[in-house]
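Notes for the structure review
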Amino acid sequence: MNNLKYTIKKLGFLLLAGTFCNSAFAQVIVTDSTAIQESPQIAAVANASESGRFKVDGVAAVVGDYVVLESDISKMYIDLQSQGASIKDVTTCNLAGQIMENKLYAHHAIQDSILVADAEISAQVDQQLSYMTQQVGSLEKVLEFYKKENEAEFRKELFDINRENMLASKMQQKIVDAVEVTPEEVRTFFTNIAAEDRPRFGTEVELAQIVVKPEIPQAEKQKIIDRLKEMRADVVENGASFNTKAVLYSQDPGSKSSGGKITLSRQDPFVKEFKDAAFSLQEGEVSQPFETIYGYHILTVDKIRGQQVDVRHILLIPDVTEETKKVAREKIDNVREKLVDNELTFEEAAKAVSDEKETRQSGGQLVNPTTGDSRFELTKIDPELYGQVSNLEEGQISNVLTGQDDTGRPIYKILTVTKKYEEHEADYARDYNKIKELALRDKQLKAIEEWQNEKIESTYVKVNGEYRDCAFSGNWVKK
């Protein structure tokens, strides 16, 4: 589409931001916009003053209950450029069309009674502000960069932007969620592709692995638990700062610098033990040490906000010893030797000795997280994994490989290629799932386009000034 139309990517959509700093907030990249060279087209719209503030220099369009300002368009251009996006062929018409589409989705989300919880938006604003503050050093510097008088003003603007984007995203998802393809539609889609235009699929492999992890001695675990109990007692009995202890001692890289602070709801993808602790405490309470797959934690609740809680936690990770690493290495060496001598099948060995719970019962079979099936296209897999399997033939066993788990502790693994599919032109029977995905993607795009065209006609839309001459893909001007 000519106006940066929403593009389906894999199973969802990438929603480009369309208002003040939306794209910058998505990535939270703070740059000096005064150093960015604007194109002549955008410069005419930006009209920045010497102070760096943008003049609201006119209404470019109205879509339903939303207004698109000319300054929004110039800001979107700068945001895209600050993130390194290609802006070579981007025009003010492209950007105006993109922003109007975003407004259209948000407007009809409200009309369709799609709800976005204020607490969810506020939590996202908190995370954005926290990350931006970490990036530049202080909240004052963030406010100075974005030319905001105070935190409340900035929070309000962030809140409105996030609300609009969430509404647009949910509206968009509602449209595509209703789209399905039948086997007959998949066949028709495939047969309508000219033979010379049919896609080629690169070499693919199905993989299995066996993982052996060095054991953590009980004495090491107890040492960590005792240390956390001491920290808890210092906080509860002596009034020591939980925040300070998290900064000094926590081994969670994601929250350490913010004093262990995390905002979560029951729907967020945290491990069960962590959520159970977070939602079982009252404000100000400090938990006893508890274990997750990442290590041992203590946790305190800062604030309960409806279905969300603000917590702080301290994570300590017990370590393995040289002795347990040696035992684990000998174990996997022994397993590999038996596999090479055909004393065991790979599936039998995985079920018997692998420490990876997610794959053990399936005989070590890996699932591609991108596609959800068992095939991995060699040119698209992680470079490290590519180096480990690219030269393996079907049934061949890799050498013992040393890696790390999520906590940074060493693990040992062996891999095998259970099936290999050489590069080939798309074949309906052999590649049905891939072709089905392409057919679904095509149908979703058509549904989006039909919905947009229909809603443009039935929604109040007014395009002003030079933007009436833009060659939009939709009938925004209603000529």
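A few points on the structure. (Residues numbered from 1 in each chain as written. Predicted model: local features only at pLDDT ≥ 70, side-chain atom pairs only at ≥ 80, totals over all residues. Heavy atoms only, no water.)

**Quick look at the overall build of the chain**
The number of helices and strands found in the chain is 16 helices and 15 strands. Relative to its full complement of 479 residues, the chain shows a buried share of 46%. The long-range fraction of contacts in the chain, counting pairs at least 24 apart against all pairs at least 6 apart in sequence, stands at 67%. (Helix = DSSP H or I, 4+ residues; strand = E, 2+ residues; numbered from the N terminus. Buried < 20%, exposed > 50% of the residue type's maximum accessible area, 1.4 Å probe, protein only. Contact = heavy atoms within 4.5 Å.)

**Focus: the environment of leucine 299**
Within the fold, leucine 299 resides in strand S9 (residues 295-305). Using a relative accessible area of 0% as the deciding quantity, one classes leucine 299 as buried. On a C-alpha basis, the gap between leucine 299 and alanine 278 in space is 7.2 Å, while along the polypeptide they are 21 residues apart. Once residues within four sequence positions are removed from consideration, leucine 299 is found in contact with Phe242, Phe274, Ala277, Ala278, Leu281, Glu285, Val286, Ser287, Phe290, Val311, Arg312 and His313.

**Examining the side chain of arginine 312**
Position of arginine 312 relative to the elements: it lies in strand S10 (residues 308-316). A polar contact of 2.8 Å, which involves the side chain of arginine 312, links it to the side chain of aspartate 302. For arginine 312, the residues in contact, after removing those within four places along its chain, are Phe242, Asn243, Ser258, Gly259, Gly260, Lys261, Ile298, Leu299, Thr300 and Asp302. (Polar contact = N/O pair within 3.5 Å; in protein donor to acceptor, adjacent residues only side chain to side chain.)

**Some details on the sheet that holds strand S15 (residues 461-463)**
Spatially, three strands are ordered S4-S3-S15 in an open sheet, and the strand pairing comes out antiparallel. Since the sheet does not close on itself, it has two edges, and those belong to strand S4 (66-69) and S15, each with one partner. For this sheet, the mean angle separating the axes of adjacent strands, direction not counted, is 15°. Pairing between strand S3 (residues 59-63) and S15: three bridges, direction antiparallel. Each bridged residue has a counterpart across the sheet, and for valine 62 the counterpart in S15 is lysine 462. (Pairing = 2+ DSSP bridges. Axes fitted to C-alpha atoms, helices over the stretch in contact; angles between N-to-C directions.)

**Quick look at the state of the cysteines**
Scanning the model with the defined rule gives one disulfide in all. A sulfur-sulfur separation of 1.9 Å characterises the disulfide bridge that pairs cysteine 93 with cysteine 470. In this structure the cystine formed by cysteine 93 and cysteine 470 twists about its S-S bond by roughly -75°; its chirality is therefore left-handed. Taken together, the positions of cysteine 93 in helix H4 (residues 92-111) and cysteine 470 in the segment after S15 put the pair 377 residues apart, joining distant regions of the chain. (Disulfide = S-S within 2.5 Å.)

**A short note on helix H12 (residues 322-340)**
Here H12 contains 19 residues, and its C-alpha end-to-end distance of 27 Å stays within 8% of the 27 Å for a straight helix at 1.5 Å per residue. Restricting attention to buried positions, one finds in H12 the residues Thr324, Ala328, Ile332, Val335 and Leu339. Taken end-on, H12 shows its buried residues confined to a sector of 65°, consistent with a single buried face. Those residues of H12 that are exposed and angled more than 90 degrees off the buried face are Glu322, Glu323 and Glu337. (Expected span 1.5 Å × (residues − 1). Arc of directions from axis to C-beta.)

**Observations regarding the nonpolar core**
Among the nonpolar cores identified, the biggest contains 51 residues, and Ile73, Met100, Phe154, Val463, Phe472 and Trp476 are the most heavily contacted of them. For this core, the element with the most residues is helix H7 (residues 151-177), which contributes nine residues. The next biggest cluster of nonpolar side chains, apart from the first, holds 15 residues, and it includes Ile210, Leu339, Phe346 and Val353. (Core = buried A, V, L, I, M, F, W, Y, C linked by side-chain atoms within 4.5 Å.)

These figures come from the coordinates and say nothing about function on their own.
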